[in-house]
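# Structural description and commentary
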Amino acid sequence: IVFSGNGPSGICLSYLLSGYTPYFKRHSLHPHPILQRKLEEAPEVSVLDQDLEYLSEGLEGRSHSPVALLFDTLQRPDTDFGGTAESVLTWWHEPDRAIPHLVLGRNAPGGAWHSIEGSMVTLSRGEWMGLPDLPFKEWLKQKRRGLRNNRATAEDIAQYYQHYVMKKGLQKNFRCGTVVTSVRKVSAESISNHTQKDLQEDSDSLWNSNEQSTEVFQVDGFFKTVEGDKEPFSIYAENVVLATGTYDNPTWLGVKGENLSYVHHQLSALEEAVKNNSVGIMSDPVLIVGAGLTAADAILFAHHCNIPVIHVFRRRVSDPGLIFNQLPKMMYPEYHKVHQMMKEQTAACAGPYERYISLPEHHVLLFGKDKKCIFQDKNGCQKAYKISMALVLTGSNPNLSFLPNDGIDLAMDSDQPVNPKRNPIDVDPFTYECTQEKGLYALGPLAGDNFVRFVQGGALAVASSLLKKANKNPP
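So, how was this worked out
- Residues numbered from 1 in each chain as written.
- Predicted model: local features only at pLDDT ≥ 70, side-chain atom pairs only at ≥ 80, totals over all residues.
- Heavy atoms only, no water.
- Helix = DSSP H or I, 4+ residues; strand = E, 2+ residues; numbered from the N terminus.
- Buried < 20%, exposed > 50% of the residue type's maximum accessible area, 1.4 Å probe, protein only.
- Contact = heavy atoms within 4.5 Å.
- Areas by Shrake-Rupley, 256 points an atom, 1.4 Å probe, with all protein chains shown as cover.
- Pairing = 2+ DSSP bridges.
- Axes fitted to C-alpha atoms, helices over the stretch in contact; angles between N-to-C directions.
- Polar contact = N/O pair within 3.5 Å; in protein donor to acceptor, adjacent residues only side chain to side chain.
- Phe/Tyr/Trp six-rings, centres within 6.5 Å; stacked < 30°, edge-to-face > 60°.
- Salt bridge = Lys/Arg side-chain N within 4 Å of Asp/Glu carboxyl O.
- Core = buried A, V, L, I, M, F, W, Y, C linked by side-chain atoms within 4.5 Å.
- Patch = residues over 30% accessible without salt bridge, like charges linked within 9 Å, V, L, I, M, F, W, Y side chains within 5 Å.
- Lys, Arg positive; Asp, Glu negative; His and termini not counted.
- Charge placed at Lys NZ, Arg CZ, Asp CG, Glu CD.
- Parallel < 35°, antiparallel > 145°, perpendicular 65-115°, else oblique.
- Nonpolar A, V, L, I, M, F, W, Y, C, P; charged D, E, K, R; others polar.

### Quick word on the overall build of the protein
- Looking only at helices and strands, one finds 11 helices and 22 strands in the protein.
- Across the 475 residues in the protein, those meeting the buried criterion constitute 53%.
- Sequence separation of 24 or more characterises 68% of the internal contacts of the protein that already satisfy a separation of 6 or more.
- Of the roughly 22600 Å² of accessible surface on the protein, a fraction of 50% belongs to carbon and sulfur atoms.

### Section: the sheet that holds strand β8 (residues 178–187)
- Across the sheet, which stays open at both edges, the 3 strands sit in the order β8-β9-β10 with antiparallel pairing between neighbours. Of all strands in the sheet, those with a lone pairing partner are β8 and β10 (230–237), marking the two edges. Strand-to-strand twist in this sheet, taken as the mean axis angle between neighbours without regard to direction, amounts to 20°.
- Sheet topology places strand β9 (residues 215–224) next to β10; 8 bridges connect them, and they run antiparallel. What sits directly across from F223, in β10, is E231.

### Observations concerning the side chain of D319
- Relative to the helices and strands, D319 resides in the loop between β15 (309–312) and α10 (333–344).
- A polar contact of 2.7 Å, which involves the side chain of D319, links it to the backbone nitrogen of G321.

### What about the packing of aromatic side chains?
- Overall, the coordinates contain 10 aromatic pairs when judged by the stated rule.
- With centroids separated by 5.2 Å and ring planes inclined at 85°, the aromatic side chains of F136 and Y160 adopt a geometry described as edge-to-face. Of this pair, F136 sits in helix α5 (residues 136–142) while Y160 sits in helix α6 (residues 154–167); the two residues are 24 residues apart in sequence, bridging distant segments of the chain.
- On the basis of relative accessible area, F136 is assigned to the buried category, the value being 1%.
- Ring centres of Y160 and Y161 lie 5.5 Å apart, and the angle between their planes is 55°; on these two criteria the pair is classed as tilted. Neither Y160 nor Y161 differs from the other in exposure class; each is buried.
- An aromatic cluster of three or more residues is present, and its members are Y15, Y20, F71, W91, F136, Y160, Y161 and Y164.

### Points about the pattern of salt bridges
- As enumerated under the stated definition, the model contains 11 salt bridges in all.
- Put simply, R76 and D72 hold a salt bridge, and the shortest N to O gap is 3.2 Å. Of the two residues, R76 and D72, both sit in the buried class.
- In this structure, D133 and K168 form a salt bridge, with 3.4 Å as the shortest nitrogen-oxygen distance. Of this pair, D133 sits in the loop between β5 (121–125) and α5 while K168 sits in the loop between α6 and β7 (174–176); the two residues are 35 residues apart in sequence, bridging distant segments of the chain.
- D133 sits in the partly exposed class, given a relative accessible area of 41%.
- One connected set of salt bridges, linked through shared partners, spans D49, E94 and R97.

### Things to note about unusual backbone geometry
- One non-glycine residue, D133, adopts positive backbone phi at about 65°.
- Residues other than glycine seldom take positive phi values, yet N405 does so here, at roughly 55°.
- Along the polypeptide, N405 turns up in the loop between β21 (396–397) and β22 (440–442).

### What to know about the sheet that holds strand β11 (residues 240–242)
- Taken together, 5 strands build an open sheet; the order of strands is β7-β4-β1-β11-β22 and the sheet is parallel. Where the open sheet ends on each side, the last strands, each with one partner, are β7 and β22. Averaged over all pairs of adjacent strands, the angle between their axes in this sheet comes to 20°, without regard to strand direction.

### A word on the nonpolar core
- Grouped together as the largest cluster of nonpolar side chains are 82 residues, with contacts concentrated most on L13, L242 and I425.
- Considering every element that reaches this core, the biggest residue donor is helix α11 (residues 452–469), with 9 residues.
- With residues up to four places along the chain from it excluded, the contact list for I425 reads L242, L400, L410, A411, V418, C434, A442, L446 and A447.
- With 31 residues, the next largest nonpolar core counts I288, Y332, M341 and M389 among its residues.

### Focus: a negative patch on the surface
- A cluster of acidic residues, D51, E53, E57 and D428, forms a negative patch at the surface.
- Relative to the helices and strands, D51 is located in the loop between α2 (33–41) and α3 (52–56).

### So, the packing of helix α4 (residues 66–75) against α11
- Contact geometry for α4 and α11: axes closest at 7 Å, N-to-C directions at 110°. As the angle between them shows, α4 and α11 are arranged roughly perpendicular. Contacts between α4 and α11 pair V67, A68, L69, F71, D72 and Q75 from the former with R453, F454, Q456, G457, L460 and A461 from the latter.
- When the residues that make up the contact of α4 with α11 are grouped by side-chain class, the tally is 7 nonpolar, 3 polar and 2 charged.

### Some words on α4
- Of all 10 residues in α4, 9 are buried, a share of seventy percent or more.
- Restricting attention to buried positions, one finds in α4 the residues V67, A68, L69, L70, F71, D72, T73, L74 and Q75.
- Where α4 is buried, its residues touch α1 (8–17), α2, α3, β3 (89–93) and α11.

As structure tokens, then:
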């Protein structure tokens, strides 16, 4: 089994496929009485081997995935109500149930968390960022640190994921510095005479030939060596798990001039510009486009550095779909502050915040070569502003260029590109296997699970399905 992507989804699945098996902890009490009764029916049978549809029936919460809600509530029974009840799971290491697998990723284990500015604070509560059987809070305590406002920094999260892989002995399954360029189905006969260029010293463990299988996946790509060379590889696998997340491919507006050198699509460009002193307190404003949390992070960063900002977004400030209108004020004071600025400091009426102008219900018409930018409001009126740089922070899409037709055929709407919020990959809700391609699985944002606490249920579903296929589920 090969999986592409080594973020939290990939790490959690590797843990479950390495023989670590969850059981209901005897004498523990779950606050959900119906679930408690179901768990007491067969405490000697691992959760991986039980009927996940039966166990998750009737659960409600902040995810659309029944299995995500199930695994989350087993690990953090009353967390949504501010409780601190212990997990009702106990973990046993059963090495004979391990399934050989490889986890391929560009970065160190943790995936995109290594690309995020380290001081950024997570949206989720710190304890929700943890993986099975190693609470994040406990790890943080060992570092003699606490959580700020119950939340963690991106640097802490990235370090925790690396520590988790080492602590659980998973590193032998991980190949970092790898880029996957192609995943496609080939006939088993066509490759049976070939010797595969391997990623492991022990090639036998990768290639468990199943005589019934007539087709397998060929995974091509390259390693980046220490010297900077690219070393190609090809692996053959009966099952492939897509866990690449969505950080790779920022969304473009598609307007004239967007490819000019002063227009950027990642927050890191602003951090770089501040370091180089190419923007500062006296420069023309920085334009920030978007009304999500990344745009808010950029505004907070600019505000902290006294850099003037023009903030353009399409929605009304009171739009219930706006993320700020869904966040509790007490838990997210800094995002509440940005929302206040958006409301009180429009171009039409000056407010109390210096060096910030909000243009709600506007969109960018074009970026000029002279760094003049033209916006249009909902009534068709146009405004022009001279800016120092532009940050278009309107979300990102997964990069699935390694799949036939960019993976569009796998999506819920197979006429549109895969999008984690609007058009995820179509998967079976209890196995996470792609409905359009047997043997191919999708996890995390690709399958519509956008929070670390909920991607783990997908890993549970995939592990359960793969164990059944490998006949490693006890009768």
